Every structure is written in C-alpha cells, then in structure tokens.
Amino acid sequence: MQTPHAVLTVPRDALASANSCPAGPKAKDTPEGGQVGAGELGTRWWPYISRRSTERPQRAHLVLRADGILGYADEEEDDRDTEGGLWARISTDLSGGGTVENRRPHYYRQRHLMRDLLCQVCAQAPARDEAGAYLFVVADGPRTRADARPDWAEGAREATPPVCLTHAEESATHCPRLPRCVALWVHRPVLFGVFGIRYSVGARGIRAGRRTIAEYETAALARVVATQMIRRLDGVVVDWGLTEHLRSLRDAASLIGATPADSAQEARCHSH
C-alpha cells in the first residue's frame, strides 16, 4: 500500500487576511539616497510582519508519516516550529521588489514575532508596562467602554503580535481598519497553537479542508499545516485611556485629510 501523499499549495483564499488595509508602495518609491523606505524591512514602509508580492507560498509534497503525522517528503528543520507544528512554505525576498501586501502576513516572520514577542512592525522590543505586561492593539473592539462585557478580552486567541508605542500610534493614525482599536496590556500571552489548513487522510489520499486553529500538544496539530502562530491572551487589562488616545489620532488624521487612500502610499497600515 502506498503512503498517502499530496502536493501542497496553499490557496490564496485560504490565507488568513489579517486586515482590509491597502497595498503598500512599490520598490521604486524608495526615497532617494538611502535604504530607508519601501525596500527596507522593519519600517513603516515595510512592516516586518507583512509580505511583499514577490514572496509567495511554495508547493511541497505532503506525506503521512509512519507515526500518523503529516510532513513533507523533503522536510527540513525550518518546516516545523519548536512545538512540532508543520508550516506552509513561503519564499523570502529581502530585495524590496514588488509591493508590500499588508493584508497578508509572511508565515515565517509572523511566527518569529509571536514566538519571541516582538513588535510586529520593527521587530524590536514591544511596549511593556511597569508590571511587564505586553501591549497588544486589537481591531474591532467594543465601540465604547460601556459596550464592553466584563473580561471580554480575557483568553482571546490572537495572531496579531504585540507592538511598540511608536508603531501603535502610527497604525492607529493611518490604518483604516483601526477606528475601533483597543489597547490591551497582557500579562500572560501564552503560546497556544497555530492557525492553518486542516487536512484529512482517506482512500483518496490527503485532502485539504477548512481553515482552523489547532492547539499545541493535541491530536489536531498532526493534521494541520500552519500559516500563523496563535497566543492566548491571559491576564488582560484594557487600557481605555490609551485606547481613546489611539482612536483620537485616527479622528484627527481624518480631519486634516489623511484618508486611507492618501496614506496607502506610505504602507503604514500594519496592525493585523
């Protein structure tokens, strides 16, 4: 009996579109006289988490191992995270070609940011309060403090990495998806699992199913090919003062004409 196998190609509509932000600038928009600009990773022009149009999902031969776990026929060390999760492959292009696609996180860079808890834009240390809690800025929160249920954010499963205060403010100012952003100080961002494509194994081989979240150290992880790492937010304190500040930045930008269309060329919409 042959080992079930399949050629894995992650479809575009199966990728977790992190937001509805506009595309970033083309490489030719890089300011004259230096590397700072559209071609430099880890800046407002090209947030570390965001992929470029030249960075594409890669085909791979998916097989069922003898232990019942999915793997690649030519599996390499980087294909799995430290918890054993199998990851979809994607190319990396640091030359600054193509355009920045802020809606689509780069699989490996998102994994790096979530694993090491780094700012999603600059990949440096995120903001932390005096108690050591990490700053997460999430979209689509309650409209007002009065609308929020008690502990509404406690235990949330989040694929958005933390952020430093500078880039939290830039994101709130320019990203059209963040008019209802909420600032959270998270004391225990627990590594939880992965988001990806669930596969089934049967008489017809290995077949792709739905997108799902698979928790680490569970049987479900064996049949999922990951595209994003997930943390569970425990010990959450909602900072309504900072939330109101971030929302006011967006309102002020709108008043002076910094619309989403205007800011698209600066690719500052990087909070997912």
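This is a predicted model, so every value here is computed, not measured.

### Let's talk about the overall build of the protein
Assigned secondary structure in the protein consists of 4 helices and 11 strands. Within the protein, buried positions represent 53% of all 272 residues. Considering only contacts within the protein whose residues lie at least 6 apart along the sequence, 77% involve residues at least 24 apart. Accessible area of the protein: about 13000 Å², with a carbon and sulfur share of 48%.

### Notes on helix α2 (residues 165-174)
Each turn of an α-helix holds 3.6 residues, which means side chains three or four residues apart point in the same direction. The buried fraction of α2 is high, at 7 of 10 residues. For α2, the full list of buried residues reads His167, Ala168, Glu170, Ser171, Ala172, Thr173 and His174.

### Thoughts on the packing of aromatic side chains
Counted under the stated rule, the structure contains 0 aromatic pairs. Taking the ring centre of Trp46 as reference, the NZ or CZ of Arg52 above it sits at 4.5 Å. Here Arg111 stacks its cationic end above the ring of Trp87, 5.0 Å away from the centre of that ring.

### Comments concerning the confidence of the model for the protein
Interpretation of the predicted coordinates at a detailed level should be avoided for regions scoring low in pLDDT. Across the protein, the average pLDDT comes to 82, with 78% of residues at 70 or higher. Below pLDDT 50 for its whole length, residues 258-272 participates in 58 contacts with residues either more than four positions away or in separate chains.

### Focus: the pairing of strand β9 (residues 182-202)
Looking at chain direction, strand β7 (residues 134-138) and β9 are connected through 5 bridges and run antiparallel. Residue pairing across strands places Phe136 opposite Leu184, the latter belonging to β9. Two elements, β9 and strand β11 (residues 224-238), share 13 bridges in a ladder whose sense is antiparallel. Each residue of the ladder has a partner; that of Ile197, found in β11, is Val225. Looking at chain direction, β9 and strand β10 (residues 205-215) are connected through 9 bridges and run antiparallel. Residue Ile197 lies in a different strand from β10, and its bridge partner there is Arg211.

### Focus on the nonpolar core
Formed by 22 residues in total, the largest nonpolar core has its most connected members in Leu62, Leu70, Val194, Tyr199 and Val225. Within the residue set of this core, elements represented by two or more residues are β3 (60-64), β4 (70-72), β5 (86-87), α1 (107-116), β9, β10 and β11. In this structure, Ala127, Val137, Leu178 and Cys181 belong to the second largest nonpolar core, which totals 19 residues.

### Some thoughts on α1
Looking only at α1, the buried set comprises Tyr107, Arg109, Gln110, Arg111, Leu113 and Met114. One or two residues past the end of α1 sits Leu117, with phi positive at roughly 55 degrees.

### So, the pairing of β3
Buried residues dominate β3, accounting for 4 of its 5 residues. Inspection of the sheet shows β3 paired to β4 by 3 bridges, in the antiparallel sense. Along β4, the bridge assignment pairs Leu62 with Tyr72. Once β3 ends, the chain turns through 5 residues before running back antiparallel as β4, passing Gly68 with a positive phi of about 85 degrees.

### So, the pattern of salt bridges
Using the criterion set out here, one finds 7 salt bridges in the structure. Between Asp74 and Arg89 there is a salt bridge whose closest N-O contact spans 3.2 Å. Linking Asp74 in the loop between β4 and β5 with Arg89 in the loop between β5 and β6 (100-105), this pair joins segments that are 15 residues apart in sequence. On the basis of relative accessibility, which here comes to 44%, the residue Asp74 falls in the partly exposed class. On the accessibility criterion, Arg89 (13% relative accessible area) is buried. Asp79 is the partner of Arg89 in a salt bridge, and the nearest nitrogen-oxygen pair spans 2.8 Å. Linking Arg89 in the loop between β5 and β6 with Asp79 in the loop between β4 and β5, this pair joins segments that are 10 residues apart in sequence. A relative accessible area of 3% means that Asp79 is categorised as buried.

### Some thoughts on the environment of Cys164
Residue placement: Cys164 occurs in the loop between β8 (156-158) and α2. For Cys164, a relative accessible area of 10% puts it in the buried group. For Cys164 and Pro126, which are 38 residues apart along the polypeptide, the C-alpha to C-alpha distance reads 4.0 Å. In this structure Cys164 touches Cys119, Cys122, Ala125, Pro126 and Ala127, once residues within four positions along its chain are discounted.

Analysis parameters
- Residues numbered from 1 in each chain as written.
- Predicted model: local features only at pLDDT ≥ 70, side-chain atom pairs only at ≥ 80, totals over all residues.
- Heavy atoms only, no water.
- Helix = DSSP H or I, 4+ residues; strand = E, 2+ residues; numbered from the N terminus.
- Buried < 20%, exposed > 50% of the residue type's maximum accessible area, 1.4 Å probe, protein only.
- Contact = heavy atoms within 4.5 Å.
- Areas by Shrake-Rupley, 256 points an atom, 1.4 Å probe, with all protein chains shown as cover.
- Phe/Tyr/Trp six-rings, centres within 6.5 Å; stacked < 30°, edge-to-face > 60°.
- Lys NZ or Arg CZ within 6 Å of the ring centre and 35° of its normal.
- pLDDT = per-residue confidence, 0-100.
- Pairing = 2+ DSSP bridges.
- Core = buried A, V, L, I, M, F, W, Y, C linked by side-chain atoms within 4.5 Å.
- Salt bridge = Lys/Arg side-chain N within 4 Å of Asp/Glu carboxyl O.

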